[in-house]
Each structure stands twice: as C-alpha cells, then as structure tokens.
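# Observations on chain architecture
In case you want the letters, here they are:
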Amino acid sequence: MSKLIYLDNAATTKVKDEVFEAMKPYFSELYGNPSSIYRFAGEGKKAIEEARRTVAEFIGAKPEEIYFTGGGSESDNWALKATAFAKRDKGKHIITSKIEHHAILHTCEYLEKLGYEITYVNVDENGVLKLDELKAAIREDTILISVMFANNEIGTIEPIKEIGEIAHEHGILFHTDAVQAYGHEHINVDDYNIDLLSASGHKINGPKGIGILYIRNSVKIGSFVHGGAQERGRRAGTHNTPGIIGFAKATEVAKREMDTRHSYESELRDYLIGRVLAEIPYTKLNGHKTDRLSNNANFSFQFIEGESLLIMLDQKEICASSGSACTSGSLDPSHVLLAIGLPHEIAHGSLRLTLSDETTKEDIDYVVDELKKIVERLRSMSPLYEDFVKKGGK
C-alpha cells in the first residue's frame, strides 16, 4: 500500500471540499472588512451573522450567545480567566478534572499564581469523572466547574448532563471544553445545563485558526481581547471571515452527516480495537469501552516506547499519535494515562488512532498488520521484554 493513511484526526482534520469552496469567495472576491460601513463590506458582515445562526442552532443556543475566537485554546482561556475575574468577589475556587486539555490545566496554573484555588477531581480507570468527588469538592466560594465533554486522548465521554445539574443546583457556572465532541456528539446547551462551551473548526473538517465560545446570555463576564468593537465589544480584532464561513459550513456538514458518520466510524473503531486486542498480546485499551468518541481508539503496549512506535509507523506512511498534539514534544508520559492509573512505563507505550469518514476497513487491516510487526520488532529489542519472557510472562 503506497497511500498515506491518516489516523490522527483528533489532532486535526482534512478540510472538506464543500467547506473550502464556501470559504474561497471571502479571500479574493468578498474580502472587505466586515466592520466597515460601505455596502461591499456588508456582504461579509451578513455572511458572518448567518454563520452565527448556523452554529447557534446546532447547539440549541441563541445567535447572540455565539462568539467567534481564534480556536479552542483561546475559548478555554477566555471562559476560565474572564469568569475568574468577574466572580472574584464571590469566590476564588474553581473545580476541574485531572484529564483536561492543557489549555485548561495551564490556565488553571496561571490562575493559581494569582491567588485562585483549583480542585482537580479524579477520574476512574476508564477516565470518567468521579461525581462523588465533584460534589464533595464544592464550596461556598466555588465560582466555576470546567469539565471537558470528551477526552482528546482516550475518547471517554464525560457525564456532562449530571455535571451541569450539580453545578446549577449549587448556583455555579458550568463550562465544557467540547472541542473533541462538537460535530461528533449531539449537544444541546439547555439540556446539559451548559453556561459556556468551547469548540474549534479544525476538528470537524473545517479550517484552523477559528473557534467559538458560547456564553449564555445570563452569564456576565468581561472581554478577553481588547482593542475594538467586534463580537459585540467582547472579542476585538478584525473578523476572520473565511474562517468563520468555513466553521459554519463544517458545522452544517457535520449536522447533516453526524448520525451516519457516527455509525460508520463506531463499527470501524470496534473492528480496529477487536483486532488489536486479539492479535497483539500485552495490550490494553485505554478509555471507556462504549462511552467513547466514535472515532477514537487508544492503546498501551507493554515493553514499547511510544516515540519509536510512531517513527516506525510513519515509515509505513501511517500517521498516528501518542496523545495530544499539543504535548507531542514532551518526554513526559501522558497526564491522562497517569490519571487513569497506568504506571509510567506502560503510559510511555501509548498509541492513539483516530479515524475519519474516509478511513476504510482496508486501511485498518493494513495498519493492524503493520502494527503487529512493529510491536514484535520493538519488543525483540527490549531487555525488559526479554526478562519478562524468561520469567514465564510474570
């Protein structure tokens, strides 16, 4: 097989042709600044407001509750920092989980330096937030709970509805980082009691550099970027019109294809998981077996170094990941895998494969066949594996 097999769709996705076509006019034909007052610029402004309605309807929100940002990380930063600053007279306590994306965790670390207190709630061995710990962590001065909708590494879908109910029972704002779930799972902000929600275009076959933050009308938080009146004065900067149009078109496509795609990817994902677990010994599936994203499979291979595994897969034209793309340069094991109880040496041997609607069964068969050979080869060079075998596999 000579074609590239791309199985890192949790990191980024291919822009669909119809998304690209929808964006093109706003680069070279309708390129006016939508904040200008002349008629030519008004075409872009009109398109942006239509895009806002498309996105709002998708999550059951009102158009004026959607704010366009530069991506998921910016949206996460805005949600946490602006809430922290707006609510500091009520309290300085925030609750999150130990398996959040670093856009959340690093923002929490920043807030801790400013005197805020953060409680990091544990998850179980499947990566599911422990609701009893969440309830126990709530205090009089708790101002925000932030828990991701679905984990970007192991694919586990969190009990978001229950978390939202707990937050609202105590008068606490609830934010969810839905970057991995948006466009893949059905989300309604009212049904889930969500006050703030982050999403990103490049995870749903849209362009990079565009995201949204949903802010419920009743939530009073400040601006994140200052310097202009864009986004109703709450997020300054010239609108990324092509990106906004692309995000909305990708949302439209996701809405149209979601159920069909979910069924197709789930079946293929389960086929992949079944083959790997049956044919490669000393392998563990990470994340919840059923309550997981339809395209996510995350494995840990004992006696294997993840970086070597990725390099050898790349030599076979297979694109994969050992976890979040935002931490791929780190030598430390995944904080997510450590949080679900994996020891360091096994967490180091992780592999994340994330499918798309273009992935085929033939692709999966090729990947598993090559993966078996690579794992066998790497283990043959491992003194730990050799010692393990000598001891009779104990």
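Residues numbered from 1 in each chain as written. Predicted model: local features only at pLDDT ≥ 70, side-chain atom pairs only at ≥ 80, totals over all residues. Heavy atoms only, no water.

Packing of helix α9 (residues 241–279) against helix α13 (residues 361–380) leaves a shortest axis separation of 10 Å and a crossing angle of 20°. Put simply, α9 runs roughly parallel to α13. α9 and α13 meet at a crossing whose hand is right-handed. Of the residues in α13, those in contact with Leu-268, Tyr-271, Leu-272, Arg-275, Val-276 and Glu-279 of α9 are Lys-361, Ile-364, Asp-365, Val-368, Asp-369, Leu-371 and Lys-372. Tallied by class, residues from the contact of α9 with α13 come to 7 nonpolar, no polar and 6 charged. (Axes fitted to C-alpha atoms, helices over the stretch in contact; angles between N-to-C directions. Helix = DSSP H or I, 4+ residues; strand = E, 2+ residues; numbered from the N terminus. Parallel < 35°, antiparallel > 145°, perpendicular 65-115°, else oblique. Left-handed = near helix turned anticlockwise from the far one by under 90°. Contact = heavy atoms within 4.5 Å. Nonpolar A, V, L, I, M, F, W, Y, C, P; charged D, E, K, R; others polar.)

Summarising the element assignment, Arg-352 is placed in strand β12 (residues 350–354). For Arg-352, a relative accessible area of 1% translates into the label buried. Here the side chain of Arg-352 touches Asp-8 through a polar contact of 3.1 Å, side chain to side chain. (Buried < 20%, exposed > 50% of the residue type's maximum accessible area, 1.4 Å probe, protein only. Polar contact = N/O pair within 3.5 Å; in protein donor to acceptor, adjacent residues only side chain to side chain.)

Ranked by internal contacts, the top residues of the largest apolar core, which has 50 residues, are Ile-59, Ile-66, Phe-68, Ile-145, Tyr-182, Leu-197 and Ile-212. Contributions of two or more residues to this core are made by α1 (17–23), α3 (39–58), β2 (66–69), α6 (131–137), α7 (160–169), β7 (196–200), β8 (211–215) and α9. In contact with Ile-212, other than residues within four places in its own chain, are Val-55, Ile-66, Tyr-67, Phe-68, Thr-69, Ser-75, Tyr-182, Leu-197, Ser-198, Ala-199 and Phe-247. (Core = buried A, V, L, I, M, F, W, Y, C linked by side-chain atoms within 4.5 Å.)

Time to look at the sheet that holds strand β4 (residues 117–121). Overall, mixed pairing links the 7 strands, which are arranged β2-β8-β7-β6-β5-β3-β4 in an open sheet. Both outer strands of the open sheet, β2 and β4, are each paired with one neighbouring strand and no more. Across this sheet, the average inter-strand angle for adjacent strands is 20°, counted without regard to direction. Both strand β5 (residues 142–146) and strand β6 (residues 173–177) contribute to a ladder of 3 bridges, which runs parallel. Opposite Ile-145, over in β6, you have Phe-174 as the bridge partner. α3 rests against β2 and β8 of the sheet, and its axis sits at about 115° to β2. Sitting on the sheet, helix α5 (residues 102–113) is in contact with β3 (93–97), β4, β5 and β6, with an inclination near 150° to β4. (Pairing = 2+ DSSP bridges.)

Looking now at the packing of α3 against α9. Following both chains from N to C, one finds α3 and α9 inclined at 35°, their axes separated by 9 Å at the closest point. Both α3 and α9 take part in a crossing whose hand is left-handed. Between α3, through Gly-44, Ala-47, Ile-48, Ala-51, Thr-54, Val-55 and Phe-58, and α9, the contact on the second element is made entirely by Thr-241, Ile-244, Ile-245, Phe-247, Ala-248, Thr-251, Lys-255 and Met-258. Classifying every residue of the contact of α3 with α9 gives 10 nonpolar, 4 polar and 1 charged.

Tallied over the full model, the rule gives 25 salt bridges. Put simply, Glu-74 and Arg-235 hold a salt bridge, and the shortest N to O gap is 2.8 Å. Highlighted residues: Glu-74 in helix α4 (residues 72–86) and Arg-235 in the loop between α8 (230–233) and α9, separated in sequence by 161 residues. Using a relative accessible area of 17% as the deciding quantity, one classes Glu-74 as buried. Arg-235 gets classed as buried once you look at its relative accessible area, which sits at 16%. Among the salt bridges present, the one from Lys-316 reaches Glu-370, with a minimum N-O distance of 4.0 Å. In this pair, Lys-316 sits in the loop between α10 (306–315) and β11 (318–319) while Glu-370 sits in helix α13, placing the two residues 54 residues apart along the sequence. You can call Lys-316 partly exposed: its relative accessible area is 37%. (Salt bridge = Lys/Arg side-chain N within 4 Å of Asp/Glu carboxyl O.)

What follows deals with the environment of Tyr-385. Position of Tyr-385 relative to the elements: it lies in helix α14 (residues 383–390). Residue Tyr-385 is classed as partly exposed on the basis of its relative accessible area of 22%.

Bringing the pairing of β7 into the picture now. Within β7, 5 of the 5 residues are buried, leaving the element largely enclosed by the surrounding structure. Across 3 bridges, the pairing between β6 and β7 is parallel. Bridge assignment links His-175 to a residue of β7, and that residue is Leu-196. Pairing geometry for β7 and β8, over 5 bridges, is antiparallel.

What follows concerns unusual backbone geometry. With phi around 55°, Asn-193 is a residue other than glycine that occupies positive phi space. Although it is not a glycine, Phe-303 adopts a positive phi angle of roughly 65°. Residue position: Phe-303 is located in the loop between β10 (296–301) and α10.

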